[in-house]
Amino acid sequence: MSVKIGNIDLGAFPLLLAPMEDVSDPPFRYVCKQGGADLMYTEFISSEGLIRDAAKSRKKLDIFEYERPIGIQIFGSDIESMREATEIATLAGPDLMDINYGCPVKNVACRGAGASLLQDIDKMVKMTEAVVKATHLPVTVKTRLGWDDNTKNVEEVAERLQDIGIQALTIHGRTRAQLYKGEADWTLIREIKRNPRVKIPIFGNGDVDSPQKAAAWRMEYEVDGIMIGRAAIGYPWIFREVKHFFETGELMAGPTLEERIIACRTHLDKSIEWKGPKVGVFEMRRHYANYFKGLPDFKPYRMMLVKEENIATIHELLDEVAVKYEHVLPFSEMA
Ligand SMILES: Cc1cc2nc3c(=O)[nH]c(=O)nc-3n(C[C@H](O)[C@H](O)[C@H](O)COP(=O)(O)O)c2cc1C
């Protein structure tokens, strides 16, 4: 049976790319789509920014046909602003809208947005209802287990938000107080899955970084799909590797050096296409080390790559990497 969000058919067990600020932009999403992500999201976009017509926020609405299905994620503390931002984002033509009730960072959560709504479920319900009413698109929500250990109220969140019309819920198995520390705990996510009142798809998120873990947690926690964030950074192959393991029970060989270099070049090209040569080259800098993680003595190349401004020279450096590491074992066999 397929997992469905509105009319969007996501297949039997979808793998979602997590929204990640300053990471999940169109160039990164391009390589993740090639890697096999079934549903992707933009990074979170400030509702206030969209309403003010802030160029930075508007730019984040850019979506491309090859990305579908794609959701735009918004956040905010004011219900009216969220309603208005939903109307604006809907015009950008995504397949669905997503609300962030999970962001723990101070300047979001302490300004009444993101995870802070976990402290005021009544307001969260009203805000969600306003968003659902403001768009013809399906609305999904991403949140955490609760604010802290004493208020793990995500089950109430699941029931009440389902009642007012959200069509899927992704739960990161940590509380706000945990930030990104400790291990994610999906036990409560399974309880929600077992709650007969809850009918919408429930996606598990947090710490999935290998095909074996994805398969084990799928079985153990009974989720409808898995969202992957950090493990996809510099490693968009995670999606196809997880799928291969699900299908065959065997580990797929990791990407070759050549595949890594091709993905890195593609990411760079897309970044330049989308942001222009200057900003595109600059924003790519944070990704090089991730694509070549595990290569011995890579640091001098990384240093050169992150300083270089000339696009042709960057490609030449990547050519050199290809030659220098030609005889290094495939990454999967190096560990
Ligand atoms: C750099 C970074 C940026 C993030 N930005 C967002 C965001 O914009 N919206 C959101 O809902 N979650 C955001 N998150 C949280 C992730 O979506 C995800 O819930 C979290 O990383 C746990 O999943 P993972 O262990 O697979 O990475 C961010 C996480 C990271 C590491």
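Numbers given to residues run from 1 along each chain, matching the order in which its sequence is written. Under the rules for a predicted model, residues below a pLDDT of 70 receive no local features and side-chain atom pairs below 80 are neither given nor counted, while totals for whole chains, interfaces and linings still include all residues. Only hydrogens and water are set aside when side-chain values are computed; all heavy atoms of the structure are taken into account.

Novice: Teacher, can you tell me more about the site of the ligand here?
Specialist: Nearness is judged by heavy atoms alone; a residue qualifies as near a molecule or strand once a single heavy atom is within 4 Å of it. Lining the immediate environment of the ligand, one finds 16 residues, of which Glu 21, Gln 73, Asn 205, Asp 207 and Arg 230 sit closest. With respect to the ligand, the backbone of Phe 44 contributes an N or O atom lying 3.1 Å from an oxygen atom. Pairs of N or O atoms are called polar contacts if they sit within 3.5 Å, as long as, within protein, a hydrogen donor faces a hydrogen acceptor (for residues adjacent in sequence, only side-chain-to-side-chain pairs). The contact in question runs from a nitrogen atom of the ligand to an N or O atom on the side chain of Gln 73, over 2.8 Å. Out of a free accessible area of 610 Å², the ligand has 86% covered by protein chains. When residue character is reported, Ala, Val, Leu, Ile, Met, Phe, Trp, Tyr, Cys and Pro are called nonpolar, Asp, Glu, Lys and Arg charged, and the others, Gly included, polar. A breakdown of the residues in the shell around the ligand according to their chemical character gives six nonpolar, six polar and four charged. Here, Shrake-Rupley sampling with a 1.4 Å probe gives the accessible areas, and only protein chains in the shown set may cover a residue.

Novice: What should I look at first to understand the pairing of strand β7 (residues 96-101) in this one?
Specialist: Within a regular strand, the side chains alternate between the two sheet faces. Residue burial is assigned from relative accessible area. The probe radius is 1.4 Å, only protein chains are included, and a residue is buried under 20% of its type maximum, exposed over 50%, and partly exposed in between. Helix and strand definitions here come from DSSP, where helices need a minimum of 4 consecutive H or I residues and strands a minimum of 2 consecutive E residues; each element is numbered from the N-terminal end. Burial runs high along β7: six of the six residues are buried. Burial of the side chains of β7 extends over both faces: Leu 96, Asp 98 and Asn 100 are buried on one face and Met 97, Ile 99 and Tyr 101 on the other. Orienting the strands away from the viewer, one traces the path from the first strand over the helix to the second; a clockwise path indicates a right-handed crossover. This β-α-β element, strand β6 (residues 70-75) to helix α4 (residues 79-91) to β7, shows right-handed connectivity. Note on pairing: two strands pair once DSSP finds at least 2 bridges between them. In the sheet, β7 pairs with strand β8 (residues 139-144) via five bridges, with the strands oriented parallel. If you follow Tyr 101 over to β8, its bridge partner there is Thr 143.

Novice: Teacher, can you tell me more about the packing of helix α6 (residues 121-134) against helix α7 (residues 154-163) here?
Specialist: The description of two helices packed together rests on the angle between their axes and the distance between the axes. For the pair α6 and α7, the least separation of the axes is 10 Å and the interaxial angle reads 30°. In terms of orientation, α6 and α7 fall into the roughly parallel class. Of the two possible hands of crossing, α6 and α7 adopt the one that is right-handed. Listed contacts from α7 to Ile 121, Asp 122, Met 124, Val 125 and Thr 128 of α6 are Glu 156, Val 157, Arg 160 and Leu 161. Structural elements are reduced to axes, namely lines fitted to C-alpha atoms, with helices fitted over the stretch in contact, and the angle between N-to-C directions of any two is expressed from 0 to 180 degrees. Angle categories are assigned with fixed cut-offs, so that under 35 degrees is roughly parallel, over 145 is roughly antiparallel, 65 to 115 is roughly perpendicular, and the rest are oblique. Crossing handedness follows the turn of the near helix against the far one: under a right angle anticlockwise gives a left-handed crossing, and clockwise gives a right-handed one. Two residues form a contact once any of their heavy atoms are found within 4.5 Å.

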